[in-house]
Amino acid sequence: MKVSYAKLQKKYGGMYVLMDKPDGRIVAADKNLDKAFKIAEKKGYKLPAVQFVKPAGTVAIYEVKVSLRN
């Protein structure tokens with residue numbers, strides 16, 4: 001079951017969240033990425049999926065340049 005990003009922000013805002021697979025079960029979370037990987041590795045996850053969860057109330061604006069060739 002996929003958890004909404006808003007719910008992740010409430011619990012894990014400002015942290016790196018490591019999952020067993022993309023959009024999978026959370027196996028570790030910490031503000032320090034290295035520490036989060038060490039926690040996951042102790043649990044047997046050598047290559048977990050990683051996502052940084054922005055703090056609640058944060059708005060991210062991305063600028064993308066698109067070029068279409070004719």
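In what follows, the structure referred to is the one given above.
Residues numbered from 1 in each chain as written. Predicted model: local features only at pLDDT ≥ 70, side-chain atom pairs only at ≥ 80, totals over all residues. Heavy atoms only, no water.

Asks: What should I look at first to understand the environment of Phe 37 in this one?
Replies: Mapping Phe 37 onto the fold places it in helix H2 (residues 33–42). Look at Phe 37 and you get partly exposed, because its relative accessible area is 29%. Once the C-alpha coordinates of Phe 37 and Tyr 12 are considered, the two residues, 25 residues apart in sequence, prove to be 15 Å apart. In this structure, Phe 37 is in contact with Leu 18, Pro 48 and Val 50, ignoring residues within four places of it in sequence. (Helix = DSSP H or I, 4+ residues; strand = E, 2+ residues; numbered from the N terminus. Buried < 20%, exposed > 50% of the residue type's maximum accessible area, 1.4 Å probe, protein only. Contact = heavy atoms within 4.5 Å.)

Asks: Explain the nonpolar core here, please?
Replies: For soluble globular proteins, nonpolar side chains are generally found buried alongside one another. In this structure, Leu 8, Tyr 12, Met 15, Val 17, Met 19 and Val 53 together form the largest nonpolar core, which totals 6 residues. Of all the elements in the fold, those that place two or more residues in this core are helix H1 (5–12) and strand S1 (15–19). Sorting elements by how many residues they give to this core places S1 first, with 3 residues. Those residues in contact with Met 15 that sit more than four places away from it in its chain are Ala 29, Asp 30, Lys 31, Gln 51, Phe 52 and Val 53. Counting 5 residues, the second largest nonpolar core, distinct from the first, contains Leu 18, Val 27, Ala 28 and Ala 40. (Core = buried A, V, L, I, M, F, W, Y, C linked by side-chain atoms within 4.5 Å.)

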